[in-house]
Amino acid sequence: MARLWRFFRRFLRHKKQLIGGFLCIPLAQLADIAITVKIGGALDRLRAGSPTDFLAGIFWIILGLSAFKGVFRYLQRWWIVAVSRYVENELKQELFDKLVSLPLAFHARSRSGDVVSRVTSDVENIRMFLGPGVMYTLGAVVMVPASIALLCTLNAPLALTMILPLVLMGFGMKFFTPHLHRWSEAVQESIAEISSRAQENFSGIRVVKGYGLAAQQCARFDEASERNRQNQVNLGRSRGLTHALTHAANDLTFVTILVLGGWAMIDRSLPAGDLFKFIDLTFKVFWPIIALGWIAGMYPRAYASAGRIDELLAEQPLFSDPHDALRLSSPRGALTLRGLSYTYAGAAKPAVSGVSVDVPAGSVLGIVGPTGSGKSTLVLCLGRLLEPQGVLELDGIDVRRLALSDLRACLGYVPQDSFLFSERYRDNIAFGSDTELSDARIQELVELACMKDEVAHFPKGLETLVGERGVTLSGGQRQRTCIARALARDPRVLILDDALSAVDTETEAQLLANLRRAGEGRTVIVAAHRLSSVARAERILVLGKDGRVEAQGTHAELLERPGWYRETWQRQQAQKELSVL
Amino acid sequence: MSSTDLDPEEDDLVSSKAWDNAILLRLARYAKPHARLFYASFGVLAMLFMLDMLGPWIWRHALDGPVHAAVSARERDPAADIGTFVRQFWYWVGGYLLLVALSVVFRYHEVAQLNRTGQTVIADLRSRLFRHMQSLDLVFFDRRPTGALVTRVTSDVENLNEMFTSGLVVLLFDFVKIVGVLAFLYWLNWRLALVVTAGTPFLIGVSLVFRGGARRAHRAVRARLSRLNGYLQEVLQGIRVVQVFRREKAVSARFAQHLDGYLAANLKTIFLFALFFPVIDFVVSAIQGTTLWSGGLSIAGAQLSYGEFVQFWFYLALLVAPIRELGERYNILQSAFASAERIFDILDTRPTLEPEREKTSPPGFSTLPLRGHVRFEHVSFSYTEGTEVLHDLSFEIRPGETVAVVGATGAGKSTLVNLLLRFYEPSSGHITIDGHDLTELDPARLRRAVGLVLQEDFLFAGTVKENLILERESVTEESLEEALAASRADELVARLPGGLAHPVAERGATFSTGERQLLAIARALAGDPRIVVLDEATASVDSNTEAQIESATRKLLEGRSALVIAHRLSTVRRATRILVLHRGKLREQGTHAQLLAQDGIYARLHRLQFAESAG
Ligand SMILES: Nc1ncnc2c1ncn2[C@@H]1O[C@H](COP(=O)(O)OP(=O)(O)OP(=O)(O)O)[C@@H](O)[C@H]1O
Ligand SMILES: Nc1ncnc2c1ncn2[C@@H]1O[C@H](COP(=O)(O)OP(=O)(O)OP(=O)(O)O)[C@@H](O)[C@H]1O
Ligand SMILES: [Mg+2]
């Protein structure tokens, strides 16, 4: 219960609506009871030949009471149900904020379909439980004692025996709950599974189609769907048991009433009208109890979901800013790396190991090395997207003493996978900037990225919407857009991770020239495969297969030494010379 | 680039003019294969209903019979022997107990059976929906955020569960119940029953008034939800960009906007239904009040006995309950209808490509292996009207030939691949393989014959081996080994703990970009493809490995047709033919030496690349 209590407390924060809504409950219930009493009274007075003038009055009273009840029912629903929506949104927002703050390590190990289903399906479960749960529980809290008290005034022993089946029900519930819990968890997990499978399929649809994997994908999806069905059916069975139990308690009560009530009538200690009232009231006592039983059936599902949400909320960012974090007002962009290493969770060996290098402000650092040598990893460490071991300094200050946002504020990053958002083209560029960008500035950036001609050909120019991940752009267009986005923030340190791999030679030459111009005064870090892109760098870092620095120096220096760099350079040259032949 | 059709605002709001009945009928069609489950559900509900009806009957007989007799006997003579009455009374109680026991059993089945029915039907519908989506074109997927699509197969489908349980079964049953009870009421006392019936037009009127607004509101809710989830999904995928650019606050604000929209839509439904229930309740009270009034008059006028009235009153309660519940259910129904519309919207989307069948092919053709003779004849193509991406393109790739395509970025190279694999249909011209138009070929067969490496390739969660094999029969241990060696992925696999059994994370996130490309090449080569398509397959691979792959694959490509797209001219130098694509037009064509001699675009590109590395 403690688990859900925390979520329940979020409800309680919306005091005004809740109090208003809850005040409505007894008022509406009172009106309801008054209607019953009025009808009961009327029935008592009805005899053959009795006067009928009171009937019209009763009719209008019933209508009046019903209208009265209606108003409060309306307010009750409107306020209380709305609160459950507020809470849902707050919860979603909180989860979202949590998710964007979590480190890459978390995102790499979790399946996005699963995460999404926590934010959607699980939150929904909580809402569906707590919303009506709150309403009906409180309704029952008001209604049950009131009705029982009223019943007691009619016939105390009869009223008190009704408690027995309730106790029985309580015990029975205890017995079924473990099953409910088990299947609820299974259901939530299988929903997440379905969502992951669908998610993967849709985002890899080109490969799915290209390899004709539809049948296989359908089979896998069906499998997940079937698993979900099984779990749901089992959960349904457990819920059926609780449902039957609640009704059994209800029915037993009526048996009791029949026996005792019949007996009391025979004894003539109970007039017929009273028995009618009694039955009607019992109905009213039991309706909230049946609702409670229903809620008890939902509880395990909400409980399982709460657990999954808690898991997310309990995830911690790798690090948080120190409270005495230093602020950098005007960073220069000098980087110092000392023995920088990073090992991925679960990996046997470090991906980057013992990298030491000085990058003076305004200089260019090239990072080269074979596939999988750790270039991207190293670059991610610079922005502390991965938290490396060793020392990393910006302008001579250990980045761990800096506010994270200050460090990232001076970085412009072009990711290797050139990710874009499905927004307007211009929004994707503006995404990079902390401030609003003028049209002129965006044009300038588009030109810098050699995209001017192509953007002009887009159906709506800068306003054109880009598909998810940028699917409606060509590979090279995506990359260049990412470059424009990085430049948009006028970064002190520009990081290019294999950012020219998908552009042709002509555009590359143009881009390099533009970048050189735009990079003037900036620190530029270039990870690349084509050595020509780094040849002009002040310093080149050659990473080996094991993630260690194999050599470093200028282009000329590296050419003098035998090693990977010289070999590769010579091969690249040879290929070109060969091809002239 | 698509323009208007990308607009999520319009795209997401599925509006259909379908009436509730039409939707219900269609849903019933999907439920039909599971008719048995529905019959069972009906059976359970009918039993419960009967038991519910029997209850009051027993009560009446117990109270009016023995109890009444005993009371009157005692009234006449306080010392009268009422033993027989008491015994009779106990019989009735025993009967009632039996009834209670039975109804408990059926209560269990009420939930279990209905739930089973609903879940089975939606599981079926979900599979159907997913299968249908697999047959849709890329155009469909290009336009829609994955998160929104996922929402349709998950949340929207789940929302239908209520529809099949509360909806089809209970609704129908409630209806039967209402009609049944009403008929019974007429039988009991037609005059009073007439009074009751007089209220129904009000009920129907109220429902109709609310329906329009409710449906619109629920549609908005579903659309907003789908957009919300789409955004969430997208941000998760781009998380590193968000974090490096410190856009956490900005995306959070955007998400908040989506949430606000979602909330506003929800509040609207809450408002409508908060209003709806009390109104229905009020009408019901009015019916009850009127019945009491006229019943009272009849009792007073001695046209009706008190006992009869009480009985009528009891059964009236049986009528009132389903009506109230219908009110409650109406909300669920409208929400489910909104989801159903969204699901039907997809099911009604037809693939724009022609029916995927081998139409004019000779018998036995479809089992014949393709040789892989590719021919483009005057092919033009545009993604959106008005912007031609490819213009009048003609070339051919004979088995054993490697054709390379070079050209500026955005020239339309990847588009060639999209057309060859029939992801899209050329707007004019033909593409043939072995002389058969692509439209005559079963796309599945075509694609089985192709080994494909996309510019933006994709690894599935699973193991490395699963990703390489992809359940193709054509992949054998030897061919896999050979492919791994040719793509230089063997070294990588050897390094992985577990080797081929090494787990792959979603999208292959734990591999470097180059490593992913190596695996994709291995995958393409492993299936003994007739046609190999490599779109920038080694763009992120170091030149050493690239050279090794180039020479290793040359042997593998013997006898196969290959289409190779590359920016690095060194990789295409040896191609049988090089096509130079410029702004969607084929500008030059020939061998490396011929093109250099021609001194056109290719020669210029070549000089540039050379100059660049020299400087
Ligand atoms: N799915 C799509 N919808 C709309 N337009 C598209 C789509 N895919 C590509 N385009 C557009 O078509 C043109 C050609 O794209 P294509 O991907 O074929 O270029 P490419 O030659 O492969 O370029 P690159 O070398 O950069 O990969 C581009 O202008 C691009 O914006
Ligand atoms: N999230 C991860 N979890 C575990 N291992 C990873 C992860 N990401 C990368 N690796 C491994 O770390 C090593 C370095 O990867 P990285 O992406 O830094 O290489 P790279 O030099 O950028 O390669 P490329 O040239 O292909 O871009 C690789 O062997 C890779 O398999
Ligand atoms: Mg990399």
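Residues numbered from 1 in each chain as written. Chains lettered and ligands numbered in written order. Predicted model: local features only at pLDDT ≥ 70, side-chain atom pairs only at ≥ 80, totals over all residues. Heavy atoms only, no water.

Novice: Any chance you could explain the overall build of chain A here in plain terms?
Specialist: For chain A, the helix and strand inventory stands at 18 helices and ten strands. Each principal axis of the C-alpha distribution contributes one length, and for chain A these read about 120 × 55 × 50 Å. A total of 581 residues make up chain A; the buried ones form 62% of that total. Considering only residue pairs separated by 6 or more positions, chain A has 77% of its internal contacts joining residues 24 or more positions apart. When the accessible surface of chain A is summed, it comes to about 21800 Å², and 59% of that surface belongs to carbon and sulfur atoms. Of the side-chain charges in chain A, 67 are positive and 58 negative, and the distance between the mean point of each set is 5 Å. (Helix = DSSP H or I, 4+ residues; strand = E, 2+ residues; numbered from the N terminus. Buried < 20%, exposed > 50% of the residue type's maximum accessible area, 1.4 Å probe, protein only. Contact = heavy atoms within 4.5 Å. Areas by Shrake-Rupley, 256 points an atom, 1.4 Å probe, with all protein chains shown as cover. Lys, Arg positive; Asp, Glu negative; His and termini not counted. Charge placed at Lys NZ, Arg CZ, Asp CG, Glu CD.)

Novice: It is not clear to me how the sheet that holds strand E6 (residues 450-453) of chain B should be interpreted in this structure. Could you clarify?
Specialist: Pairing between the strands of a sheet is mediated by backbone hydrogen bonds and can be parallel or antiparallel. All names here are of chain B. Taken in spatial order, the six strands line up as E6-E9-E10-E3-E11-E12 in an open sheet, and their pairing is mixed. Across the chains shown, the open sheet's two edge strands, defined by having one partner strand only, are E6 and strand E12 (585-590). Sheet twist, expressed as the average angle between the axes of neighbouring strands with direction ignored, equals 15°. In terms of strand pairing, strand E11 (residues 577-582) meets E12 through five bridges, oriented antiparallel. Each bridged residue has a counterpart across the sheet, and for Ile578 the counterpart in E12 is Gly590. Contacts from helix H12 (residues 413-420) reach strand E3 (402-407), E6, strand E9 (531-535), strand E10 (561-565) and E11 within the one sheet, and its direction differs from that of E10 by about 150°. (Pairing = 2+ DSSP bridges. Axes fitted to C-alpha atoms, helices over the stretch in contact; angles between N-to-C directions.)

Novice: Got a minute to help me understand the coordination of the magnesium ion (ligand 3) in this structure?
Specialist: When four donors bind a metal tetrahedrally, each ideal donor-metal-donor angle is 109.5 degrees, and when six bind octahedrally, the ideal angles are 90 or 180 degrees. Residue and element names in this part refer to chain A. Protein-derived coordination of the magnesium ion (ligand 3) comes from Ser376 (OG) and Gln416 (OE1), at a distance range of 1.9 to 2.1 Å. Here Gln416 lies in the loop between strand E6 (411-414) and helix H12 (425-430) and Ser376 lies in helix H10 (residues 375-382), a separation of 40 residues in the sequence. A relative accessible area of 15% places Gln416 in the buried class. (Donors = N, O, S within 2.8 Å, 3.2 Å for Na, K, Ca; no water.)

Novice: What's the story with the sheet that holds strand E1 (residues 374-381) of chain B in this structure? I'm lost.
Specialist: All names here are of chain B. With antiparallel pairing, the four strands of this open sheet are ordered in space as E2-E1-E4-E5. Every other strand in the sheet has two partners, leaving strand E2 (390-397) and strand E5 (436-437) as the edge strands with one partner each. In this structure, E1 lies alongside strand E4 (residues 428-433), joined through five bridges in antiparallel fashion. By the bridge assignment for E4, Arg375 is matched with Thr432.

Novice: Any chance you could explain the environment of Ala314 of chain A here in plain terms?
Specialist: Residue and element names in this part refer to chain A. One can find Ala314 in helix H9 (residues 272-314). Residue classification places Ala314 among the exposed positions, given a relative accessible area of 52%. Sequence-wise, Ala314 and Ile495 are 181 residues apart; in three dimensions their C-alpha atoms are separated by 32 Å.

Novice: Can you walk me through the interface of chain B and chain A in this structure?
Specialist: Interface size is commonly expressed as the accessible area that is lost once the parts come together. Taken together, the contact between chain B and chain A spans 174 residues of the former and 178 residues of the latter. For the chain B and chain A pair, buried surface summed over both sides reaches about 16300 Å², with 65% attributable to carbon and sulfur atoms. Taken together, the connections running from chain B to chain A amount to eleven salt bridges. Linking chain B with chain A are 47 residue pairs in polar contact (both at pLDDT 80 or more). For the side of chain B that touches chain A, the per-class residue count stands at 90 nonpolar, 44 polar and 40 charged. (Buried area = accessible area lost by both parts, 1.4 Å probe. Salt bridge = Lys/Arg side-chain N within 4 Å of Asp/Glu carboxyl O. Polar contact = N/O pair within 3.5 Å; in protein donor to acceptor, adjacent residues only side chain to side chain. Nonpolar A, V, L, I, M, F, W, Y, C, P; charged D, E, K, R; others polar.)

Novice: Looking at this structure, how should I read unusual backbone geometry?
Specialist: What is expected of a backbone is that most residues other than glycine have negative phi and most peptide bonds are trans. Despite not being glycine, Asp498 of chain A shows a phi value in the positive range, around 50°. Position of Asp498 of chain A relative to the elements: it lies in the loop between strand E7 (493-497) and helix H16 (505-518). You can call Asp498 of chain A buried: its relative accessible area is 7%. A positive phi angle, close to 60°, is found at Arg488 of chain B, a residue other than glycine.

Novice: Hey, could you run me through the packing of aromatic side chains in this one?
Specialist: Within a pair of aromatic rings, the relevant descriptors are the distance that separates the centres and the angle that separates the planes. Residues and elements named next belong to chain A. Applying the stated rule across the entire model yields 32 aromatic pairs over all chains. When the centroid spacing of 5.0 Å and the interplanar angle of 75° are considered together, the rings of Phe59 and Trp60 count as edge-to-face. Assessed through its relative accessible area of 54%, Trp60 is described here as exposed. Measuring from centroid to centroid gives 5.1 Å for Tyr342 and Tyr344, while their planes differ by 80°, and the two rings are edge-to-face. What makes Tyr342 buried here is its relative accessible area of 9%. (Phe/Tyr/Trp six-rings, centres within 6.5 Å; stacked < 30°, edge-to-face > 60°.)

Novice: Just to check I follow, could you spell out helix H3 (residues 35-76) of chain B for this structure?
Specialist: Note: α-helices contain 3.6 residues per turn, so residues at a spacing of three or four share the same orientation. In this model, H3 of chain B (42 residues) spans 60 Å end to end at C-alpha, consistent with the 62 Å of a helix rising 1.5 Å per residue. In H3 of chain B, a bend of some 35° at His68 of chain B exceeds every other bend along the element. (Expected span 1.5 Å × (residues − 1). Bend = angle between axes of the 7 residues up to and from the residue.)

Novice: Is there a simple way to explain the site of ligand 2 in this structure?
Specialist: Surveying the vicinity of ligand 2 reveals 20 residues, the closest of which are Ser376 and Thr377 of chain A together with Ser512, Gly514 and Glu515 of chain B. Close to ligand 2, residues of chains A and B are found. Between Gly374 of chain A and ligand 2, the recorded distance is 2.9 Å, taken from a backbone N or O atom to an oxygen atom. Between ligand 2 and the protein, one listed contact pairs an oxygen atom with a side-chain N or O atom of Ser512 of chain B at 2.6 Å. Split into classes, the residues belonging to the shell around ligand 2 amount to four nonpolar, 13 polar and three charged. (Near = heavy atom within 4 Å.)

Novice: I'm lost on a nonpolar patch on the surface in this one. Help?
Specialist: All names here are of chain A. A cluster of nonpolar residues, Leu160, Ile163, Val167 and Phe171, forms a patch on the protein surface that exposes about 390 Å² of accessible area. Looking at which element gives the most residues to the nonpolar patch, the answer is helix H6 (residues 163-203), with three residues. By the element assignment, Val167 lies in helix H6. Its relative accessible area of 43% is what places Val167 among the partly exposed residues. (Patch = residues over 30% accessible without salt bridge, like charges linked within 9 Å, V, L, I, M, F, W, Y side chains within 5 Å.)

Novice: Whenever I open this one, the pairing of E4 of chain B confuses me. Can you help?
Specialist: All names here are of chain B. Pairing of E4 with E5, which is carried by two bridges, proceeds in the antiparallel orientation. Directly across from Thr432, in E5, lies its bridge partner Asp437. Where E4 hands over to E5, the hairpin turn is made up of two residues, of which Asp434 adopts a positive phi near 50°.

Novice: Looking at this model, I keep getting lost on the environment of Pro317 of chain A. Mind explaining?
Specialist: Examined against the element boundaries, Pro317 of chain A turns out to sit in the loop between H9 and strand E1 (335-342). Each residue touching Pro317 of chain A, except ones within four places of it in the same chain, is listed here: Lys98, Ser101, Leu102 and Pro103 of chain A.

Novice: So what exactly am I meant to see when it comes to the pattern of salt bridges here?
Specialist: Side chains carrying opposite charge are able to pair once their charged atoms draw close together. Taken as a whole and assessed by the stated rule, the structure comprises 63 salt bridges over all chains. Where Asp453 of chain A meets Arg583 of chain B, a salt bridge forms, and the shortest distance between an N and an O atom there is 3.6 Å. In this pair, Asp453 of chain A is assigned in helix H14 (residues 452-457) and Arg583 of chain B in the loop between E11 and E12, connecting two distinct chains. Ionic pairing is found between Asp156 of chain B and Arg222 of chain B, a salt bridge with its closest N-O pair at 2.7 Å. Of this pair, Asp156 of chain B sits in helix H6 (residues 146-188) while Arg222 of chain B sits in helix H8 (residues 200-237), placing them 66 residues apart in sequence. For Arg222 of chain B, a relative accessible area of 6% puts it in the buried group.

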